[in-house]
Amino acid sequence: QVQLVESGGGLVQPGGSLRLSCAASGSIFSINAMGWYRQAPGKQRELVAAITSGGSTNYEESVKGRFTISRDNAKNTVYLQMNSLKPEDTAVYYCNANLLRNGGLWSRDYWGQGTQVTVSS
């Protein structure tokens, strides 16, 4: 059993900051890439930021310079620091991890339950 548990969402004013956290737990052998996706009402889920086990990062164009993804491999945790938030950042944010379970043959994607981020005055 593998779980991804997110925390840190909420309501923030435009220009404000939030930090999301996502901890993976359970029978985990190794974790490859981890990332954050978001889905706004009426829109498809999109990749916001991703980070490899070695620390290489990738960002969606609209968040470059405002969001920072990081991870703590010892804690199986990924973070998303979100600064200069805009109303268009409002969405449900989902954590994703591509990992190999103990005894597993193939790595696969796991998802968190989602956390709401609302940017509004």
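Criteria and thresholds
- Residues numbered from 1 in each chain as written.
- Predicted model: local features only at pLDDT ≥ 70, side-chain atom pairs only at ≥ 80, totals over all residues.
- Heavy atoms only, no water.
- Salt bridge = Lys/Arg side-chain N within 4 Å of Asp/Glu carboxyl O.
- Buried < 20%, exposed > 50% of the residue type's maximum accessible area, 1.4 Å probe, protein only.
- Disulfide = S-S within 2.5 Å.
- Helix = DSSP H or I, 4+ residues; strand = E, 2+ residues; numbered from the N terminus.
- Core = buried A, V, L, I, M, F, W, Y, C linked by side-chain atoms within 4.5 Å.
- Pairing = 2+ DSSP bridges.
- Axes fitted to C-alpha atoms, helices over the stretch in contact; angles between N-to-C directions.

In this section: the pattern of salt bridges. Taken as a whole and assessed by the stated rule, the structure comprises 5 salt bridges. With a closest N to O distance of 2.7 Å, Glu 46 and Arg 38 form a salt bridge. Residue class for Glu 46 comes out partly exposed when judged on its relative accessible area of 31%. The structure contains a network of salt bridges with shared partners spanning Arg 38, Glu 46, Glu 60, Arg 66 and Asp 89.

It is worth spelling out the state of the cysteines at this point. Inspection of the entire model under this criterion finds 1 disulfide. Across the disulfide from Cys 22 sits Cys 95; the S-S distance is 2.1 Å. Around the S-S axis, the bridge from Cys 22 to Cys 95 shows a dihedral of about -80° and counts as left-handed. Highlighted residues: Cys 22 in strand β3 (residues 18-26) and Cys 95 in strand β9 (residues 91-101), separated in sequence by 73 residues.

Judged by nonpolar contacts, the single largest core of 31 residues is most densely connected at Trp 36, Leu 80, Met 82 and Tyr 93. Elements with a contribution of two residues or more to this core: β1 (2-7), β3, β4 (28-39), β5 (46-51), β7 (67-72), β8 (77-82), β9 and β11 (115-119). Take this core: its biggest share by element is 5 residues, from β9.

The two faces of β1 differ: Val 2, Leu 4 and Glu 6 on one face are buried, but Gln 3, Val 5 and Ser 7 on the other face are not. As judged from the 6 bridges shared by β1 and β3, these two strands associate in the antiparallel manner. Looking at the pairing, Val 5 lines up with Ala 23 of β3.

With that settled, the discussion passes to unusual backbone geometry. Within the chain, Asn 76 stands out as a residue other than glycine whose phi angle is a positive 50°. Looking at the secondary structure, you find Asn 76 in the loop between β7 and β8. Non-glycine residue Ser 84 carries a positive phi angle of around 50°. Ser 84 gets classed as partly exposed once you look at its relative accessible area, which sits at 39%.

Residues of β7 alternate between two faces, with Phe 67, Ile 69 and Arg 71 buried on one and Thr 68, Ser 70 and Asp 72 left unburied on the opposite face. Inspection of the sheet shows β7 paired to β8 by 6 bridges, in the antiparallel sense. Looking at the pairing, Ile 69 lines up with Leu 80 of β8. Hairpin geometry of β7 and β8 is characterised by an intervening segment of 4 residues between the two adjacent antiparallel strands and by a positive phi of about 50° at Asn 76.

Overall, antiparallel pairing links the 4 strands, which are arranged β1-β3-β8-β7 in an open sheet. The sheet terminates laterally at β1 and β7, the two strands that pair on one side only. Strand-to-strand twist of the sheet, defined as the mean angle between neighbouring strand axes without regard to direction, takes the value 15°.

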